[in-house]
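# Understanding the architecture of this molecule
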2 protein chains.
Amino acid sequence: MCRNAYMQLLWGEFVMKAYTEVFKALGDPTRLRIIHLLTLAGKELCVCEFVDSLEEPQYNISRHLKELRQAGLLTERKEGRWVYYSLNKDGGNFKDSLFKLVRSISVDKEDAKRLKERLGIRVKGECVLGIQKSYLLSKKGGGVRVKKTMS
Amino acid sequence: MCRNAYMQLLWGEFVMKAYTEVFKALGDPTRLRIIHLLTLAGKELCVCEFVDSLEEPQYNISRHLKELRQAGLLTERKEGRWVYYSLNKDGGNFKDSLFKLVRSISVDKEDAKRLKERLGIRVKGECVLGIQKSYLLSKKGGGVRVKKTMS
DNA sequence: TGCATATATGCATTTCTACACATATAATAT
DNA sequence: ATATTATATGTGTAGAAATGCATATATGCA
């Protein structure tokens, strides 16, 4: 892998950056709650389930999920209109230990409580309903969908 | 500790913020290298030893050390003009696991190599010489000290 | 007392980050 | 086909963070 000193330097910086990105990704309340929720759930979760559980606007959840995926912490699986995210444990022991660590964090249990409720409306283990708390579709609009047809 | 639901909410947010700050603190290359170096060293290190080992300007090291201390990851001990920093393991298993995790990171070993050299000039286990790489005192100046007396 | 040295910090600048609004994209349902 | 729905993203903005310079603070020493 590393042919010479220069390559080692580059490789070292590359690896260091990867680890830095992981910690940076966890250094935000919403993203930490996302990972924490996934470690508690023990299974993949759908975007709308994150939204209803964490009570954050849909566009925020989507963006944070993307960052976590880019940091290598999540994988996504598309199923029709639904997108499920799960913990990405590829690549050695590091992430496994990290996820155990995040799981051990003792925060208030409201997120988990709301997730449990939300998971209750799955059918055959699959997500079949979108965001239930319509005020989370956007922040101001209260769930109003803008029509495409105009004038 | 938590008398009612409102207190629990506040407490939960407080704790979540504390964990977030920890991860955020590690989400910077220099700070991650500082913690990594400390986990490898297994003992307290002096500011000038960080500077020579990580080859970052003194003012940057000072600032990053401060942030790590404010995040609860470091403690400092003053000994005359010298200030030693060590890992702060207070407060349950979380930080212990975290430090083990950081220790397990495999990055290039230049930092550790330079630290080993630098520790060679300690006397009776104590730091007795300041920054050896004078170009790290500031970035541009090359170690020039400005006189106080003027005009 | 005055200078040297180890560390910390005020300030300005630039870059990043998170958020909110609106809207796009893609798949489903009618 | 067209409307609906689940998710993603372009854009503007405000606040945070990293950096570099200069200098302050504090301790030790001559």
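Everything that follows concerns the structure shown earlier in this document.
In what follows, the accompanying structure is described.

What counts as what
- Residues numbered from 1 in each chain as written.
- Chains lettered and ligands numbered in written order.
- Predicted model: local features only at pLDDT ≥ 70, side-chain atom pairs only at ≥ 80, totals over all residues.
- Heavy atoms only, no water.
- Helix = DSSP H or I, 4+ residues; strand = E, 2+ residues; numbered from the N terminus.
- Buried < 20%, exposed > 50% of the residue type's maximum accessible area, 1.4 Å probe, protein only.
- Contact = heavy atoms within 4.5 Å.
- Areas by Shrake-Rupley, 256 points an atom, 1.4 Å probe, with all protein chains shown as cover.
- Pairing = 2+ DSSP bridges.
- Least-squares fit on C-alpha atoms with pLDDT ≥ 70 in both.
- Buried area = accessible area lost by both parts, 1.4 Å probe.
- Salt bridge = Lys/Arg side-chain N within 4 Å of Asp/Glu carboxyl O.
- Nonpolar A, V, L, I, M, F, W, Y, C, P; charged D, E, K, R; others polar.

### As for the overall build of chain A
In terms of helices and strands, chain A carries six helices and three strands. The order of α-helices and β-strands along chain A, N terminus first, is α-α-β-α-α-β-β-α-α. Per-residue burial over chain A gives 40% buried out of 151 residues. The contacts of chain A with a sequence gap of at least 6 include a subset with a gap of at least 24, amounting to 62%. Working note: accessible area of chain A is about 9,200 Å², and carbon and sulfur atoms make up 52% of it.

### Considerations on the sheet that holds strand E2 (residues 74–79) of chain B
Residues and elements named next belong to chain B. Ordered in space as E1-E3-E2, the three strands form an open sheet in which the pairing is antiparallel. Bordering the open sheet on either side are strand E1 (45–46) and E2, each of which pairs with just one other strand. As paired elements, E2 and strand E3 (residues 82–87) share six bridges and run antiparallel to each other. Residue pairing in the sheet places Lys-78 in a bridge with Val-83 of E3.

### Side note on the relation of the copies chain B and chain A
Structural alignment of chain B on chain A gives an RMSD of 0.0 Å, achieved by rotating through 180° and translating 0.0 Å along the axis. Classification of the inter-copy transformation places it as that of a two-fold axis. Of all interface residues in chain B, 100% are interface residues in chain A too; the two copies therefore contact each other through one and the same surface.

### Some points on the interface of chain B and chain A
Contact residues are listed per partner, giving 25 residues for chain B and 25 residues for chain A. Between chain B and chain A, the buried area comes to about 2,100 Å², and carbon and sulfur atoms account for 82% of it. When the area that chain B buries against chain A is broken down by residue, the three leading residues are Met16(B), Phe23(B) and Leu101(B), summing to 31%. At the boundary of chain B with chain A, the tally comes to zero salt bridges. If you list the elements that add at least two residues to the side of chain B that touches chain A, you get helix H1 (5–26), helix H2 (29–41) and helix H5 (93–103) of chain B. With ten residues, H1(B) is the largest single contributor of residues to the side of chain B that touches chain A. Considered class by class, the residues forming the side of chain B that touches chain A number 14 nonpolar, seven polar and four charged.

In short, the description is geometric, and any link to function would need to be established separately.
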